[in-house]
Number of protein chains: 2
Amino acid sequence: MLLLRRCRNLIQFVPLNTQRCQLAPALASCALRLCSSGISSEEQRAHHRGHRPSWRHAAAGLLVGAGAVVAYGLHQHKAERADITVSTIEKSSTLPVFSQEEVTKHRSLENGIWVTYKGGVYDITEFVAMHPGGDKILLAAGGALEPFWALYAVHNQEHVLEILSEYKVGELSVEDVRKQQQAGKSLDPYSTDPERHPVLHINSLKPFNAEPPPEILSDSYITPSAFFFKRNHLPVPQVDPASYQLHVEGLQGEVLTFSLEDLKTRFPKHTVTATLQCAGNRRGEMNKFKQVKGLNWGIAAISNATWGGARLRDVLLAAGYGPDVAQWARHVQFEGLDKDVTGTTYGASIPLNKAVSEEGDVLLAYEMNGEDLPPDHGFPVRVVVPGIVGARNVKWLGKIIVSAEESSSHWQQNDYKGFSPGTDWDTVDFKSAPAIQELPIQSAITTPADGAAVSRSDETLTVKGYAWSGGGREVVRVDVSLDGGKTWQVAQLRSSERGETPEPSPPPGRAWAWKLWEITAPLPAEAQEVEIICKAVDNSYNVQPDTVSPIWNLRGVLSNAWHRVKVKIREDESEE
Amino acid sequence: MLLLRRCRNLIQFVPLNTQRCQLAPALASCALRLCSSGISSEEQRAHHRGHRPSWRHAAAGLLVGAGAVVAYGLHQHKAERADITVSTIEKSSTLPVFSQEEVTKHRSLENGIWVTYKGGVYDITEFVAMHPGGDKILLAAGGALEPFWALYAVHNQEHVLEILSEYKVGELSVEDVRKQQQAGKSLDPYSTDPERHPVLHINSLKPFNAEPPPEILSDSYITPSAFFFKRNHLPVPQVDPASYQLHVEGLQGEVLTFSLEDLKTRFPKHTVTATLQCAGNRRGEMNKFKQVKGLNWGIAAISNATWGGARLRDVLLAAGYGPDVAQWARHVQFEGLDKDVTGTTYGASIPLNKAVSEEGDVLLAYEMNGEDLPPDHGFPVRVVVPGIVGARNVKWLGKIIVSAEESSSHWQQNDYKGFSPGTDWDTVDFKSAPAIQELPIQSAITTPADGAAVSRSDETLTVKGYAWSGGGREVVRVDVSLDGGKTWQVAQLRSSERGETPEPSPPPGRAWAWKLWEITAPLPAEAQEVEIICKAVDNSYNVQPDTVSPIWNLRGVLSNAWHRVKVKIREDESEE
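In this text, all values refer to a predicted model and were calculated from it rather than measured experimentally. (Residues numbered from 1 in each chain as written. Chains lettered and ligands numbered in written order. Predicted model: local features only at pLDDT ≥ 70, side-chain atom pairs only at ≥ 80, totals over all residues. Heavy atoms only, no water.)

A. Looking closely at the overall build of chain A. Counting its regular elements, chain A contains 17 helices and 27 strands. Across the 576 residues of chain A, 57% fall into the buried class. Sequence separation of at least 24 residues holds for 74% of the intrachain contacts in chain A that already meet a minimum separation of 6. Surface accessibility of chain A: about 23,800 Å² in total, with carbon and sulfur atoms responsible for 51%. (Helix = DSSP H or I, 4+ residues; strand = E, 2+ residues; numbered from the N terminus. Buried < 20%, exposed > 50% of the residue type's maximum accessible area, 1.4 Å probe, protein only. Contact = heavy atoms within 4.5 Å. Areas by Shrake-Rupley, 256 points an atom, 1.4 Å probe, with all protein chains shown as cover.)

So, in structure tokens, the structure goes:
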């Protein structure tokens, strides 16, 4: 039972800030330089390996400090100081030596499930039933763990190695270790990921997950694509637009195929300005209350863009959707072209009525802010499902399946769901909660930053932020408090670029884009510190909850409590 | 300015409980008997007048204590103890005596606006601009206030008489007072209101507004019609079903008319189980924090029924709705047959897309729970707009107008809107907020009642309640805390009568009916008092706010903070 509970912790991330604190300043700058240079993490590791061997793991750990998650090094660096000596994994031992051929024979529960990791051989037969990721672990049976862990960075933690070490049964032969290392050099599936803007705060390098500095969000109503938050589950696939094919299944019994040209020429192009938000936006605030599992997002895993493409409705109608299909179909599933080593693609689904509604505005988008989709945002074609959690806006779209069932993907069934604060990893039943689709009302303060100082002589304080609600519900009001919630003022809302004529209010249920807001208020006379709070209201008069703890959930999703920022008032020295 | 502020308080109700405390027990029972006997308030007043003249006002006040709102007496009874002597209104004075003929000459701002009230003559010319109800006050110009105040019970308060007394200019001639009294005997527009079930808690007798005891709500999934909360804005109109006509305007330029028979035979009958909730449900909790204006509803201004009728969509299509109309139309307005003395009907509107959507399920209902609509619920035809605030579910439907504009009615434009807690009657701009349509997530504890005691020997505590969300969003979870919010348990949800097979989940966006919920948990071992809290989550993962004060608003609508109930644990005497 204890072991099981430890397994539940497998996918727990160490909060980013904790990691950062452990960096020596000189190395931190080095890591930052590496990070922004765009070279692959494999190259980074090689670089440090040659440079100073004994620091090799620590240096890799630094990359984590700068945002990377492939933290082979970090856990070991930490383990050196921990009671549990994980270093046994790499030490020579008195355990028997096995050849790869021998390991390969252990690929079933009958013969035992063996895997290798960094030259060690592990019999994980008993662990299989306890693996949080389920049967997927069997894909590694008889082989090396590295290719899988390279994709699923959640494994790169101290806990995981601790558990693994308990199952060690031998060493892999020196010859086979060398073969694996040779293979490993061309292994990194992220090596073809695109370059990214250095201003982004990286929460995970592989897969790439990053958000812009919050103040950038309120600079422009439409978020420039380079600053739009990135949320990848897998490596960015390389797709040739000329040979791109979109398959549509489940209609009239046959699979239809559309080229990119088909999508651009056979259907009218529609543009929709829509805000996308990750279910994990503001997870960091939940982490502060109590540790959750997932990327430690700040408040900027949300952005707003203008998307152009064919309407999903039009494509489905052209593919044979009609009243007969409506009789039995309930969901539209999407499969991405992004794959793990086993060939499993990212997948999700949305309710059919959203997909086919004239007012749903679901796009098969090939443009973002007037240009081709960038690689990180789904080039050449992605789904944009306005009002719906980012996770269903499947990028690098490969297949559409009209179905009576939801997507069976991990991300639809066993992730992206909300639970009661009392539900933990021992009691959670993923079937008991609906897959997140529409998101609740949200707002946050983008400036000033928490901990900022303002001068008393400024007399007034300008606060800016964003507000958005799911399901096309329009934000109708943002209340701002400068006294920790005692009194509230109404902020000014903006739904266009500054200086541009605001668009007329969208039709009911089709407010897909956020509102930016701003308020300038006198600095409280006596206070030395101001607690700023914002909370938004949508046109269904849904409001944000006051505090984090009652909405805390084990995956740290749906974090939409009032956003609070503390600012110090710096008394000015009197001039004489 | 002070006067203006006092005017803003015109429609402030004294909380019911305060009034109840002032009742002498004997008179209270008398009042209750009168209340449940179904006789009109005019008869009640006559009864008491003959019985004991000096108690006439106090007795009328009692009716308020038992739920009546026509509190001609109450404010006077209270005024006798107050500093401000409102009794001047009825006292003979040294002011000049005017005839009705003279009063009638003062009907314009040029000649002055005069009105009479209980034998007094008042020049309210200067007050007109400050009247919270706007120009409507001019309807009484040159005549008696009584017929208007009989309809709008909000005037029956101490404040109103205080203000009125400042404008007194004379006495009405004895002869004309006698004429008014004769006319007044047949004046009561509420005399034909139907009988109601005595178990209802009456928040206002004229118009009739009442809610069932909360525990009745969780007794049955479908609320029996007699217990379904009543929310009338005006007297219940007497409608002959044989000559009933529904007019449809705004389509193809002509007015179409449908009889009740037409609605029943020309369109398929649809049934929809839908929960209706008053925007003011749970206003009492806001009142406890800070006084608001409106009926002091408890937690039971919400009920669930099965409605049968023609689809509004079908009727509109038959009346000529089509793509050409969709080009310019945005709203569907409804007018009731319930009227005030000026002939102004109750009115409201809903967005066109809700009205014509196949998935909107808007009904022109002629059945409630399998029988003809009861008079209080709109006989013979009402609108049922599932997922939308009660106020738009217009009863006694007389007219439908397809329009580019929202209803211009008071209730659409200057009522039933939400505001920031910092907005008061001096700063409110009703144009700045959208008319409430979809309501936010809601839940409440129906049993145990606040202040109840349970026995330690019970060992467990069973808590029951309801949960519902607007816009067809399905309630997916109710969290219950027995320790004031420190820890939470998940309640069991029910969406059918007990013992019946639950219906399958409704299609997304069409969960119109509430869920009842229940949880049985061990009594906390040490505690002498348990604070029970409930909070619900809908499938857009909207949640209720923690506390009342940040959602407080001047009209006391949209009160959906966590519901809290305190229960005492009675230690059992040890038996020997």
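B. Layout of the pattern of salt bridges. All names here are of chain A. Enumeration according to the criterion identifies 43 salt bridges over all chains in this entry. Notably, a salt bridge pairs R477 with D479, separated by 2.9 Å at the nearest N-O pair. Shared partners join several salt bridges into a network, and the residues in it are D193, R196 and D376. (Salt bridge = Lys/Arg side-chain N within 4 Å of Asp/Glu carboxyl O.)

C. Molecular detail of the domain arrangement of chain A. Residues and elements named next belong to chain A. We note that the domain assignment places domain 1 (97-184), domain 2 (201-414) and domain 3 (441-570) within chain A. The interface is formed by 38 residues belonging to domain 2 together with 39 residues belonging to domain 3. Counting across the interface, domain 2 meets domain 3 through one salt bridge. For D361, the salt bridge is made with R510, and the minimal N-O distance between the two is 3.1 Å. The tally of links from domain 2 across to domain 3 stands at 23 residue pairs in polar contact (both at pLDDT 80 or more). (Domains from an automatic or database assignment. Polar contact = N/O pair within 3.5 Å; in protein donor to acceptor, adjacent residues only side chain to side chain.)

D. Spatial organisation of the sheet that holds strand β25 (residues 515-522) of chain B. All names here are of chain B. Pairing in this open sheet of four strands is antiparallel, and the strands run β19-β21-β25-β24 from one edge to the other. The open sheet has two free edges, formed respectively by β19 (442-447) and β24 (492-494), since each of these has just one partner strand. Each neighbouring strand pair of the sheet contributes to a mean axis angle of 30 degrees, computed without reference to strand direction. (Pairing = 2+ DSSP bridges. Axes fitted to C-alpha atoms, helices over the stretch in contact; angles between N-to-C directions.)

E. Summary view of the relation of the copies chain A and chain B. If you rotate chain A by 180 degrees and push it 0.0 Å along the axis, it lands on chain B with an RMSD of 0.2 Å. Here the symmetry operator amounts to a two-fold rotation axis. Relative to the rotation axis, the closest C-alpha in chain A is found at P545 of chain A, a distance of 2.1 Å. Both copies contact each other with a shared surface, as 100% of the interface residues of chain A are interface residues in chain B too. (Least-squares fit on C-alpha atoms with pLDDT ≥ 70 in both.)

F. Representation of the nonpolar core within the structure. Residues L316, V332, L364, L397 and I400 of chain A are the most contacted members of the largest nonpolar core, which totals 73 residues. Dropping the residues within four chain positions of it, L316 of chain A is found in contact with V248, L251, Y321, V332, A355, V356, I400 and V402 of chain A. (Core = buried A, V, L, I, M, F, W, Y, C linked by side-chain atoms within 4.5 Å.)

G. View of the pairing of strand β21 (residues 460-468) of chain A. Residue and element names in this part refer to chain A. With five bridges connecting them, strand β19 (residues 442-447) and β21 associate as antiparallel partners. For A444, the partnering residue across the bridge sits in β21 and is Y466. Note that β21 and strand β25 (residues 515-522) share eight bridges and pair antiparallel. Paired with A467 across the strands is K515, a residue of β25.

H. Main features of the interface of chain A and chain B. On the side of chain B, 37 residues touch chain A, which itself brings 37 residues to the contact. One can count 17 residue pairs in polar contact (both at pLDDT 80 or more) joining chain A with chain B. Among the elements that take part in the side of chain A that touches chain B, strand β22 (residues 475-481) of chain A stands out by supplying three residues, more than any other.

I. Looking closely at unusual backbone geometry. Residues and elements named next belong to chain A. Residue P207 follows K206 across a cis peptide bond; omega there is -5 degrees. Position of P207 relative to the elements: it lies in the loop between β6 (201-204) and β7 (209-211). For the bond running from T447 to P448, omega is 5 degrees, close enough to zero to count as cis. Its location among the elements puts P448 in the loop between β19 and β20 (453-455).

J. A look at the packing of aromatic side chains. Residues and elements named next belong to chain A. Under the counting rule described, the total for this entry stands at 24 aromatic pairs over all chains. Aromatic side chains Y117 and W149 sit 4.8 Å apart centroid to centroid with 45 degrees between the ring planes, which places their arrangement in the tilted category. Of the two residues, Y117 is situated in strand β3 (residues 112-117) and W149 in helix α8 (residues 146-151); the sequence distance between them amounts to 32 residues. One exposure class covers both Y117 and W149, and it is buried. Members of the aromatic cluster, joined through ring pairs, are F228, F229, W297 and W307. Seen from the ring of W488, K535 lies directly overhead, with NZ or CZ sitting 4.6 Å from the centre. (Phe/Tyr/Trp six-rings, centres within 6.5 Å; stacked < 30°, edge-to-face > 60°. Lys NZ or Arg CZ within 6 Å of the ring centre and 35° of its normal.)

K. The arrangement of the environment of N560 of chain B in detail. Residues and elements named next belong to chain B. Its location among the elements puts N560 in the loop between β26 (529-538) and β27 (563-570). Counting along the chain gives 270 residues from N560 to K290, while the straight-line C-alpha distance between them is 15 Å. N560 has contacts with R282, P440, I441, Q442, Q544, P545 and I551, leaving out every residue within four places of it along the chain.

L. Seen up close, the state of the cysteines. Overall, the coordinates contain zero disulfides over all chains when judged by the stated rule. With no disulfide partner, C534 of chain A has as its closest neighbouring cysteine sulfur the one in C278 of chain A, 19 Å distant. (Disulfide = S-S within 2.5 Å.)

M. Quick peek at the side chain of D479 of chain A. By the secondary structure assignment, D479 of chain A is in strand β22. With near-sequence residues (within four places) excluded, D479 of chain A lies in contact with W488, Q489, V490, I533, C534 and K535 of chain A together with S420 and P421 of chain B.

N. Quick peek at the environment of R311 of chain B. Looking at the element boundaries, R311 of chain B is found in strand β12 (residues 302-311). When the C-alpha atoms of R311 of chain B and V362 of chain B are compared, they prove to be 5.9 Å apart, with 51 residues separating the residues in sequence.

O. Examining the sheet that holds strand β5 (residues 168-172) of chain B more closely. Residues and elements named next belong to chain B. An order of β1-β5-β4-β3-β2 is seen for the five strands of this open sheet, with the pairing classed as mixed. Of all the strands in the sheet, just β1 (97-98) and β2 (107-108) have a single pairing partner and so form its edges. Pairing analysis gives two bridges linking β1 to β5, with the strands arranged parallel. From the neighbouring strand, F98 faces β5, where its bridge partner is L172.

P. Up close: the confidence of the model for chain A. Residue and element names in this part refer to chain A. Model confidence for chain A is summarised by a mean pLDDT of 84, while 82% of its residues fall at 70 or above. Confidence drops under pLDDT 50 across residues 1-90; counting only partners more than four residues distant or on other chains, this segment forms 147 contacts. Interface confidence in the predicted complex, given as ipTM, is 0.76; pTM for the same model is 0.77. (pLDDT = per-residue confidence, 0-100.)

Q. Focus on the side chain of E146 of chain A. Within the fold, E146 of chain A resides in helix α8. No salt bridge is formed by the buried E146 of chain A; its nearest oppositely charged neighbour, K118 of chain A, is found at 6.5 Å. (Lys, Arg positive; Asp, Glu negative; His and termini not counted.)

R. Representation of the environment of I202 of chain B in the model. With respect to the helices and strands, I202 of chain B occurs in strand β6 (residues 201-204). Taking the C-alpha atoms as reference, I202 of chain B lies 9.8 Å from F229 of chain B; in sequence the two are 27 residues apart.

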